[in-house]
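Geometric and topological summary
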Amino acid sequence: MALDKIGIAKRIAQEVQDGFYVNLGIGIPTLVANYVREDIEVEFQSENGVLGMGAFPFDGEEDADIINAGKQTITTMPGASFFDSSMSFAMIRGKHVDLTILGAMEVSENGDIANWKIPGKMVKGMGGAMDLVASAENIIVAMMHTNKHGESKILKKCSLPLTGVGCVTKVVTNLAVLEVKDNAFYLLERAPGVSVEAIQNATEGTLIINGEIPEMAI
Amino acid sequence: MINKKVKNVQEALADVKSKMTFMLGGFGLCGIPENAISELVRLDIREVTCISNNAGVDDFGLGLLLQNKQIKKMISSYVGENDEFERQMLSGELEVELTPQGTLAEKCRAAQAGFPAFYTPAGFGTEVAEGKETREFDGKMYVLEPAFKADFAFVKAWKGDAAGNLVFKGTSRNFNPNMCGAATITVAEVEEMVEVGALDPNNVHIPGIFVQRIFQGKNYEKRIEQRTVRQKQ
């Protein structure tokens, strides 16, 4: 069974380690916060200017002045801080954030990522994604392995305008966990019940399969 | 104390003109200068360039200026959530310069701090870097980005005093402090104007030197874009 979005978020949550400052992108990455182990200390950074982001507020307690980068109302944890946009990106550009998790439309085997523009169709902008991927050393991409027509989004070369070059280190999809290195996708884990052949068929980029590939433990 | 206080938004914006370049604080609809935007609509000035992280929504924030076709060019990092924006952009009526968010913030801060330009890794190898000078430092490639130049910066703070000192609340801070002093004239509107001396100097976020005009704002709507809540168990 291929994973749903929550399954992808649960698997990525296992990558979050004690003492990490983590930036979560919009979409599946936002869900990751719900599944991080409770026995470790992690602080979530949102690039609009908060470190130590908490859960959504209780009904009636929402504050228009406290939102995340997805413009959702949020709360803060004890020890949280607010800051301006320039300082927020100093945290990001200055490599003070340990882990960046974001979505993508396409990734390629050399670690390129595209997620901000479909020429002629959709231009929403890059937001903070270009700053994040240009500086972060630990980038995990959360995405579906194929598009709605069944075409691979795990490619030899991205077809869409790039967000960043040679930056993605790991990809977690509905089918697999992939490590990106040496111009290839290394298959690390399969989604429960998904065969190596199915992953191979859904991957356009170079896929390296070394030995038995374990199922994800979720 | 040098007094920066003006009567109201009309006095603060009395000399804005068509074809000027404006900076506007805010992230989404959070921390936007609502009073200044309303006044820009009322003044009906035209062909302006707006530097703002987002472009509002169809019927609020900068969306109001877009509806009125007052904007010639937008410089932003993210412009989703606005159908009229998308329509004007795809039809070519509106010129759009998309800029990575951290670069946008730093182009403001550079103008504030007197740097003509800076190198950033953001956008290297993408269309954002096309035509720009690039340079290698310690084995990594960077793009040269110039500071912004603007006629007015319109910012919104939580509290302020007649000296122009500002305090922001929560994430409504965002781009507002970076835009203070980054334009020829900075106009600050505040939710609460306090007596000079009431703000603890230890806790002032923006010193008054960066602000030319300050006024007590009114009728703040503070609209929430994505109201997300959980239920009490």
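So, here is what we can say about the structure in this document. If you're wondering where the values come from, they're calculated on a predicted model, not measured in any experiment.

1. Section: the overall build of chain B
When helices and strands are counted, chain B shows six helices and 11 strands. In terms of overall size, chain B behaves like a compact globule, its C-alpha atoms giving a radius of gyration of 18 Å where 233 residues would be expected to give roughly 17 Å. If you line up chain B on its principal axes, its C-alpha atoms span 55 × 50 × 40 Å. Within chain B, buried positions represent 56% of all 233 residues. Total accessible area on chain B stands at roughly 10,000 Å², and carbon and sulfur atoms take up 47% of it.

2. Structural notes on the packing of helix 3 (residues 85-93) of chain A against helix 5 (residues 101-113) of chain B
One way to put it is that helix 3 of chain A packs onto helix 5 of chain B with a least axis distance of 9 Å and a crossing angle of 125°. By the angle between their directions, the pair helix 3 of chain A and helix 5 of chain B is classed as oblique. As for how helix 3 of chain A packs across helix 5 of chain B, the hand of that crossing is left-handed. For the pair helix 3 of chain A and helix 5 of chain B, contact is made by Ser-85, Ser-86, Phe-89 and Arg-93 of chain A and by Gln-101, Gly-102, Thr-103, Ala-105, Glu-106 and Arg-109 of chain B, respectively. Each residue belonging to the contact of helix 3 of chain A with helix 5 of chain B can be placed in one class, and the counts come to two nonpolar, five polar and three charged.

3. Considering the environment of Val-16 of chain A
Residue and element names in this part refer to chain A. Secondary-structure assignment places Val-16 in the loop between helix 1 (5-13) and strand 1 (21-24). Note on Val-16: relative accessible area 4%, which makes it buried. Through-space distance from the C-alpha of Val-16 to that of Glu-47 is 18 Å; in sequence the pair is 31 residues apart. In this structure, Val-16 is in contact with Val-22, Val-32, Val-36, Ile-40, Val-42, Leu-99 and Ile-101, ignoring residues within four places of it in sequence.

4. What to know about helix 2 (residues 34-43) of chain B
All names here are of chain B. Looking only at helix 2, the buried set comprises Glu-34, Asn-35, Ala-36, Ile-37, Glu-39 and Leu-40. Residues of helix 2 that are buried sit in contact with helix 1 (9-12), strand 1 (21-24), helix 3 (63-67), strand 8 (152-160), strand 10 (185-193) and strand 11 (213-216). The positive-phi residue at the C-terminal boundary of helix 2 is Asp-44, with phi of around 55°.

5. As for the nonpolar core
Ranked by size, the top nonpolar core spans 53 residues in total, and within it Val-22, Val-32, Ile-101, Val-107, Ile-113, Val-141 and Val-171 of chain A carry the most contacts. Excluding its chain neighbours within four sequence positions, the residues that come into contact with Val-141 of chain A are Leu-102, Gly-103, Ala-104, Val-107, Ile-113, Val-168, Lys-170, Val-171 and Val-172 of chain A. Of all hydrophobic cores here, the second largest spans 39 residues; its members include Val-6, Val-9, Leu-24 and Phe-215 of chain B.

6. Focus on the interface of chain A and chain B
Across the contact, 50 residues belong to chain A and 50 residues belong to chain B. Taking both sides of the interface into account, the surface hidden between chain A and chain B amounts to around 4,300 Å²; carbon and sulfur atoms contribute 56%. Three residues stand out in chain A for area buried against chain B, namely Asp-65, Lys-71 and Lys-124 of chain A, and they jointly supply 18% of the buried area on that side. Note that Lys-117 of chain A is salt-bridged to Glu-127 of chain B, the shortest N-O span being 2.6 Å. Connecting chain A to chain B are 32 residue pairs in polar contact (both at pLDDT 80 or more). Among the secondary structure elements, those contributing two or more residues to the side of chain A that touches chain B are helix 3, strand 9 (122-123) and helix 4 (129-135) of chain A. Residues that form the side of chain A that touches chain B fall into these classes: 21 nonpolar, 15 polar and 14 charged.

7. Brief notes about unusual backbone geometry
Excluding glycine, most residues fall at negative phi; most peptide bonds, likewise, are trans. All names here are of chain A. Not every positive phi belongs to a glycine, and Lys-71 is a case in point at roughly 65°. Take Lys-71: it is sitting in the loop between strand 3 (50-53) and strand 4 (76-82). Phi is positive for Asn-183, close to 55°, though the residue is something other than glycine. Its location among the elements puts Asn-183 in the loop between strand 13 (176-181) and strand 14 (184-190).

8. Re the side chain of Asn-176 of chain B
Residues and elements named next belong to chain B. Note on placement: Asn-176 falls in helix 6 (residues 176-179). By relative accessible area, Asn-176 is classed as buried at 0%. Dropping the residues within four chain positions of it, Asn-176 is found in contact with Gly-25, Gly-26, Gly-31, Phe-154, Val-155, Lys-156 and Phe-168.

Definitions and cut-offs
- Residues numbered from 1 in each chain as written.
- Chains lettered and ligands numbered in written order.
- Predicted model: local features only at pLDDT ≥ 70, side-chain atom pairs only at ≥ 80, totals over all residues.
- Heavy atoms only, no water.
- Helix = DSSP H or I, 4+ residues; strand = E, 2+ residues; numbered from the N terminus.
- Rg over C-alpha atoms; globule rule 2.2 N^0.38 Å.
- Buried < 20%, exposed > 50% of the residue type's maximum accessible area, 1.4 Å probe, protein only.
- Areas by Shrake-Rupley, 256 points an atom, 1.4 Å probe, with all protein chains shown as cover.
- Axes fitted to C-alpha atoms, helices over the stretch in contact; angles between N-to-C directions.
- Parallel < 35°, antiparallel > 145°, perpendicular 65-115°, else oblique.
- Left-handed = near helix turned anticlockwise from the far one by under 90°.
- Contact = heavy atoms within 4.5 Å.
- Nonpolar A, V, L, I, M, F, W, Y, C, P; charged D, E, K, R; others polar.
- Core = buried A, V, L, I, M, F, W, Y, C linked by side-chain atoms within 4.5 Å.
- Buried area = accessible area lost by both parts, 1.4 Å probe.
- Salt bridge = Lys/Arg side-chain N within 4 Å of Asp/Glu carboxyl O.
- Polar contact = N/O pair within 3.5 Å; in protein donor to acceptor, adjacent residues only side chain to side chain.

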